[in-house]
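# Chain and residue survey
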Amino acid sequence: MELYHNQVTRAQGAFSLRMHHRSWGILMIQANLSAPATVLDFPTREIFERELLEHQYDIIGISSIVVNVGKVREMCRIARTVSPGSVIVVGGHVTAIPGLEAMIDSDYIVRGDGISWMRRYLGEDEAAPIQHPHLPSSFSLRVMGIRVPSGWNSPAATIIPSVGCPMGCNFCTTSAFFGGKGRFLNFYETGEELFRLMKEMESAMKVRSFFVMDENFLLHRKRALELLERMKQEAKSWALYVFSSAHALLRYTIEELVELGVSWLWMGLESPRAAYEKVKGIDTLRLARELRQHGIKVLGSTIVGMEHHTPENIGGEIEHAVAHETDFHQFMLYTPMPGTPLYQEMTAQGRLLDVPLADIHGQYQFNFRHPAISREDSQKFLDWAFRRDFERNGPSLFRICRTTLEGWKRYRNHPDPRIRERFHWEVQNLKGAYNAALWAMERRLKHTNDVVSRQVRGLRREIEKEFGLLPRLAAAFFGPVLLWTSGREDRRLARGHTYEPRTFIERRNLALARLERA
Ligand code: SF4
């Protein structure tokens, strides 16, 4: 899936970060079975069909999100036709759709934790320790019209310490999927366990940064602080990219966050008038500013179309959101997704609209009757929020360069070598490719947004003053190339070009299968 461009940087044209992420759920299931298992990630219809024709599978598992229910239906149909002896199991968020049983031809529909379900079904040990596969955080990174070579910029490893979130916000699909309010599932209970996992990945994958795929990682304070202790003991200067609610974040000092290596943070801001516990009474403007001043890149997330929004007040709320000047900003329509408490509420009130499931994802139009905003206008306000954020704050690439420099200036001489080293490592890219990107960005924006163009120039000059000849040379030689490629990219996007992930086929425990056949 493509996360950033779909719901974060989608209005940023050629400056948008384009990258895909693997389907971690099915990779986790595969790694935790002793039975032979093959993962087809992002298969085309032809590849899926060929795989079933060429191999005999006892079980065919299909995982999907809600919008892809039509693809699931078609995959079930193909599986029944090509491999009639197989058992078909469907899992993932698609299973939250009420009445799914009647829409698809499957034998089982599995909600929640697929690892234990599949282990149970196969008669394997459900309580066996979790084996974490080696998961690069993303692939096919593309920015300013250039496909970034894999391995550049030291990619991060994904780790999944827990799934679900006990906060149980009414719209949250991941929380609902793993049990809802008060519930979550820990794959790793202690900081020591996490530390061992990260150390193993550091050496096997040659990484020093980790994308911590946990809905609310910092909520588990004891585990996070234990991890910090172990990092200190072994002098690990790792960078962590985490999700956290604002109230969980406030249970740490900024020193603890920096020591823990928190370098990027996804935080729900939702709305200044939202009643959610996680933001109640918190000055999120001040919080976001403080984090950035300490070199922590912030991805803020705001909801468009909450119950209290009206055409009159929504502009003010969008202004409030972009005033956070976060490095990235996600805007999402308030969306009753199947399985969530909000969906149940809207169903009970008879306010759900009859719209195709493929259009229910929060990035198009409302799927419910709003008291003050029409379906068509919901799309206009959402698009406006993305455009306004881009207009006021500029490309996210520029913003992360600015926050990175802030962090380096503050911590470059920190007495703790672990902290110092991380900030020196993070600033490396500013001296080369990123400065060239700033050079091109400055020129691209000159005629459309002179205010931001001048801010970009100011940052570029500061980088060149701090780091001397290298960033100047990078800008002089590589900047014009990026200027041309980003222009070409904008023209390509204007023609409707999209990027699709390639298919991955990964087989596991096949030696065991051959042995059993022999
Ligand atoms: S805090 Fe975030 S992850 Fe947790 S339930 Fe609320 S929206 Fe979901």
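None of these values were measured; they are calculated from a predicted model.

### Side note on the packing of helix α16 (residues 396-411) against helix α19 (residues 450-467)
Two numbers describe a pair of packed helices, the interaxial angle and the distance between the axes. Look at α16 against α19: their axes get within 11 Å of each other, and the N-to-C directions meet at 40 degrees. One way to sum up the angle between α16 and α19 is to call them oblique. The two elements α16 and α19 cross, and the hand of that crossing is left-handed. For the pair α16 and α19, contact is made by F398, C401, R402 and L405 and by V456, L459, E462 and I463, respectively.

### Overview of the packing of helix α2 (residues 24-31) against helix α6 (residues 114-122)
Relative to each other, α2 and α6 sit at 35 degrees, their axes nearing to 9 Å. Along this stretch, α2 crosses α6, giving a crossing that reads as right-handed. On the side of α2, the interface is formed by G25, M28 and I29, while α6 contributes G114, I115 and M118.

### Re the sheet that holds strand β14 (residues 262-270)
Ordered in space as β6-β9-β12-β13-β14-β15-β16, the 7 strands form an open sheet in which the pairing is mixed. On the outer flanks of this sheet lie β6 (135-136) and β16 (328-333), each paired with one strand and no other. Taken together, the 3 bridges between strand β12 (residues 209-212) and strand β13 (residues 239-243) define a ladder with parallel strand orientation. Bridging from a neighbouring strand, S209 pairs with A239 of β13. Contacts from helix α15 (residues 375-393) reach β15 (297-304) and β16, with the element oriented near 175 degrees to β16.

### Concerning the domain arrangement of the protein
Examined at the domain level, the protein breaks down into domain 1 (33-113), domain 2 (136-394) and domain 3 (403-494). With centres defined by C-alpha atoms, the gap from domain 1 to domain 3 works out at 45 Å.

### Let's talk about the environment of E489
Within the element layout of this structure, E489 appears in helix α20 (residues 469-494). Judged by local crowding, E489 falls into the buried class, with 22 C-beta atoms found within 10 Å. The spacing of E489 and G145 is 344 residues in sequence and 4.8 Å in space, taken between C-alpha atoms. Beyond its immediate chain neighbours, meaning those up to four positions away, E489 contacts A14, M144 and G145.

### Concerning the environment of A440
Counting through the fold element by element, A440 comes out in helix α18 (residues 433-445). For A440, a count of 25 C-beta atoms within 10 Å corresponds to the buried category. Put simply, A440 and T81 are 359 residues apart on the chain and 53 Å apart in space, counted from C-alpha to C-alpha. Aside from chain neighbours lying at most four places away, what touches A440 is M144, G479, L482, L483 and S486.

### Notes on the sheet that holds strand β3 (residues 59-63)
The parallel open sheet is built from 3 strands, whose spatial order is β3-β4-β5. At either margin of the open sheet sits one strand with a lone partner, and together these are β3 and β5 (108-109).

### A look at α6
Regarding α6, the residues found buried are G114, I115, M118 and R119. End-on, the buried residues of α6 take up no more than an arc of 130 degrees, which puts them together on one face. The elements touched by buried residues of α6 are α2 and β4 (87-91). Of the residues one or two after α6, G123 is the one with positive phi, at around 75 degrees.

### Focus on the nonpolar core
In this structure, F210, L240, V242, L265, C401, A437 and L438 are the most contacted members of the largest nonpolar core, which totals 115 residues. The leading source of residues in this core is α18, at 9 residues. When residues of this core are assigned to domains, at least three fall in each of domain 2 (136-394) and domain 3 (403-494). Beyond its immediate stretch of four places on either side in the chain, L240 contacts F210, V212, L260, G261, V262 and S263. Core analysis: the next-biggest nonpolar cluster, separate from the first, contains 17 residues, V66, M75, I97 and I104 among them.

### Observations concerning α19
Between the first and last C-alpha of α19 there are 25 Å, a value that for 18 residues agrees with the 26 Å anticipated at 1.5 Å per step. Within α19 the residues assigned to the buried category are V452, V456, L459, R460, I463 and E464. Along the axis of α19, the buried positions cluster into a sector of 135 degrees, meaning they face one direction only. In α19, the exposed positions that point more than 90 degrees away from the buried face belong to D450, V451 and K465. For α19, the secondary structure elements touched by its buried residues are α16, α18 and α20. G468 sits one or two positions beyond α19 and adopts a positive phi of about 75 degrees.

Rules used in this analysis
Residues numbered from 1 in each chain as written. Predicted model: local features only at pLDDT ≥ 70, side-chain atom pairs only at ≥ 80, totals over all residues. Axes fitted to C-alpha atoms, helices over the stretch in contact; angles between N-to-C directions. Helix = DSSP H or I, 4+ residues; strand = E, 2+ residues; numbered from the N terminus. Parallel < 35°, antiparallel > 145°, perpendicular 65-115°, else oblique. Left-handed = near helix turned anticlockwise from the far one by under 90°. Contact = placed C-beta atoms within 7 Å. Pairing = 2+ DSSP bridges. Domains from an automatic or database assignment. Buried ≥ 20, exposed ≤ 12 C-beta atoms within 10 Å, placed from the backbone. Arc of directions from axis to C-beta. Core = buried A, V, L, I, M, F, W, Y, C linked by C-beta atoms within 7 Å. Expected span 1.5 Å × (residues − 1).

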